[in-house]
Each structure stands twice: as structure tokens, then as C-alpha cells.
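Now for the letters of each chain:
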Amino acid sequence: MKGFLIALPLVLAACTFHLGNSTAGADGHAQFAYSSCFFGCSVDEPMMLGTEEHISVTASSIPGVSISSSSPDVVSVLGATRSCCTSDGGCRTADVATACAAGETTTLDMTVDALGIGTGTVSLVKEDQSVFDEVTLEVAKPHDIALTCNNADGSITLVRAKSCGVAWSVNDERGRALMASKGVTLTTSDVSVVALEQLLSGPVATVEATQGFFLSPTIVGVHAGSATIGATSNGVVASMPVKVTN
């Protein structure tokens, strides 16, 4: 349960906007939501340049489709899978081009890469080349990054051998919150005092970090002293002082 208690606030920090909401597609047939948020976030929130996001597409029924982007140099579709679930909770994975059986509900999970500043329309195209539904996604450059540890900001104090979960929020120059599950590099100024850990990795000085449910990095107090955790993305820098006590 410890991992769950740490991860939950980090998921909330990753999506400070439209929590629990989704965005209706242009044709009104499907709902689109960032799935890195605990209950889903509306995709009206722009993505940070350099991030990679998972988007859940739900509808009462989704035919076999292909998925494409109108601007792959801005928003690139890296891949997608289909989940077909029965009323008793059993689910199976299928190709997005193959519709689920009668009586099964459908969810499409797609991964998109934010490669350039601007907008791109992601379309679900049926076999007859008509559009089942589509949504426009925006990518913006970060202007500022804010770091927290277990939802606390400012200077952090840790007891040696204890840890706290690191999260970040990102805004663009207009003050809009940006989805930024990836694309941020975290570093420690002194790994002998404070180290970084991420899922399946040991203590290190630098991580190409991912934040989200069970994925967010932690900082660990190694020895008594002071160090700084830094965050960088697209030339934007943030820092958080950390003091470790015995």
C-alpha cells in the first residue's frame, strides 16, 4: 500500500486541470481523455513540447479504425491498442482495426508524441475512409516548471533513508497548465546526499523522468547534508533545495 499512497498525489499533480473530465470528439461519437490522470483529464489541456501522453478513447461502440494525425510533425501517433470488455469484467486486447464482439464494450488506448509547437487533429478513420470521430490536440512550449515532493513545495527536509515522491507542474507563457507526463529531466546536485529513484531503477544522479500512477520518481535521503533537485525541459529550469537529517 505504501506505493499507492505515494503515487496518488503525484497523479493528481500531473493533471491539475479538468480532473475526471474528458473531451467530446468533433463528431460527438467518442470521448477523449489523458489516461495518466487518476480519473482522466480533458484533452483540452495542451501538451508540453517533448512529452509523450497516453489518451483513452471511449464510446458505446467503436468500429474497426485506423488512427492518423493531420500534423505528424506536431502530434505523432506512436501506437494504439483496443480493449474489449464483457459485463463480468473480463477484458481482452485486440487490434484497433478489429471491432469488439457484440455485448463487449470498447476502449482505445493510444500513445501520442508532442514533437512540435502547434495543433494536430487525431482522426479515427473507418474502413470506408470516413471519419468515426476526431479531436484536435495542442502542443505548447513550457515557460515555467514547479517541483513538489509529496505535494510540498519550497525547501524539503528528509530523514536519512526516507523518501518522498517528486512531481512537477508546467505552465506555458500564457499561464496555461500543460500535460507533461514525460519530457522533464531531474538531477541531484550531490548524489551522496540525495539520490533519485524511478520504477525498476536504483539510486542515480539523473533520470529522464515519468510522472503518473506508480511511475513517478522519488528522492531518497542518503546521508546528512544539503543538496538541490533540479528539473529541466526545453531550456526551462527549476530547483528544489533538500536537507537530509539523521
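A brief structural summary.

What counts and how
- Residues numbered from 1 in each chain as written.
- Predicted model: local features only at pLDDT ≥ 70, side-chain atom pairs only at ≥ 80, totals over all residues.
- Heavy atoms only, no water.
- Disulfide = S-S within 2.5 Å.
- Helix = DSSP H or I, 4+ residues; strand = E, 2+ residues; numbered from the N terminus.
- Buried < 20%, exposed > 50% of the residue type's maximum accessible area, 1.4 Å probe, protein only.
- Pairing = 2+ DSSP bridges.
- Axes fitted to C-alpha atoms, helices over the stretch in contact; angles between N-to-C directions.
- Patch = residues over 30% accessible without salt bridge, like charges linked within 9 Å, V, L, I, M, F, W, Y side chains within 5 Å.
- Areas by Shrake-Rupley, 256 points an atom, 1.4 Å probe, with all protein chains shown as cover.
- Salt bridge = Lys/Arg side-chain N within 4 Å of Asp/Glu carboxyl O.
- Polar contact = N/O pair within 3.5 Å; in protein donor to acceptor, adjacent residues only side chain to side chain.
- Contact = heavy atoms within 4.5 Å.
- Core = buried A, V, L, I, M, F, W, Y, C linked by side-chain atoms within 4.5 Å.

1. Some points on the state of the cysteines
The tally for this structure, following the rule as stated, stands at 4 disulfides. The partner cysteine of C84 in its disulfide is C100, sulfur to sulfur 1.9 Å. With the S-S bond torsion at -80 degrees, the cross-link from C84 to C100 turns out left-handed. Placement of the pair is C84 in strand 7 (residues 75-85) and C100 in the loop between strand 8 (91-94) and strand 9 (105-114), with a sequence separation of 16 residues. Assigned by exposure class, C84 and C100 land together as buried.

2. Some remarks on the sheet that holds strand 20 (residues 225-233)
With mixed pairing, the 5 strands of this open sheet are ordered in space as 13-21-20-16-18. If you trace the sheet from one side to the other, it starts and ends with strand 13 (156-159) and strand 18 (206-209), each paired once. The mean angle between the axes of side-by-side strands here comes to 25 degrees, regardless of whether they run parallel or antiparallel. Pairing of strand 13 with strand 21 (residues 236-245) involves 4 bridges; the strand directions are parallel.

3. Regarding a nonpolar patch on the surface
On the surface, L199, L200 and L215 cluster together to form a nonpolar patch covering roughly 350 Å² of accessible area. Secondary-structure assignment places L199 in the loop between strand 17 (194-197) and strand 18.

4. What to know about unusual backbone geometry
Its identity is not glycine, yet Q129 carries a phi of approximately 75 degrees, on the positive side. A relative accessible area of 61% means that Q129 is categorised as exposed. Positioned with a positive phi, N150 is a non-glycine residue whose angle comes to about 50 degrees. Residue class for N150 comes out partly exposed when judged on its relative accessible area of 39%.

5. Details of the pattern of salt bridges
Opposite charge on two side chains makes pairing possible when the charged atoms of those side chains draw close. By the definition in use, this model includes 4 salt bridges. A salt bridge links D172 to R176, with the shortest nitrogen-to-oxygen separation between them at 2.7 Å. Take D172: its relative accessible area is 4%, and that puts it in the buried class. A residue is classified by how much of its surface remains accessible, and R176, at 21% relative accessible area, is partly exposed.

6. Let's talk about the sheet that holds strand 4 (residues 47-48)
Taking strand neighbours across the sheet as the criterion, the 4 strands line up as 4-11-10-6 in an open arrangement whose pairing is mixed. Each edge of the open sheet carries a strand with a single partner, namely strand 4 and strand 6 (65-69). Sheet topology places strand 4 next to strand 11 (residues 131-140); 2 bridges connect them, and they run parallel. Each bridged residue has a counterpart across the sheet, and for M48 the counterpart in strand 11 is A140.

7. Details of the side chain of T111
You can see T111 is positioned in strand 9. Judged by relative accessible area, which is 14%, T111 ranks as buried. Here H54 takes part through its side chain, which lies 2.9 Å from a polar atom of the side chain of T111. If we skip the residues at most four places from it in the chain, T111 touches E52, E53, H54, S76, V77, L78 and G79.

8. Looking at the pairing of strand 6
Looking down a regular strand, the side chains alternate between one sheet face and the other. Going residue by residue along strand 6, you find V65, I67 and S69 tucked away on one face and S66 and S68 left uncovered on the opposite face. Pairing between strand 6 and strand 10 (residues 118-126): 5 bridges, direction antiparallel. Directly across from S66, in strand 10, lies its bridge partner V125.

9. As for the nonpolar core
Of all hydrophobic cores here, the largest spans 29 residues; its most connected members are L147, W168, L186, V194, I219, I229 and V242. Taken together, the elements giving at least two residues each to this core come down to strand 12 (144-149), strand 13, strand 14 (163-171), strand 16 (184-188), strand 17, strand 18, strand 20 and strand 21. The element that contributes the greatest number of residues to this core is strand 21, accounting for 5 residues. Excluding its chain neighbours within four sequence positions, the residues that come into contact with L147 are A152, D153, V166, A167, W168, L186, I229, G230, A231, A238, S239 and M240. Counting residues in hydrophobic clusters, the runner-up holds 28 residues, among them F32, V74, V75 and M179.

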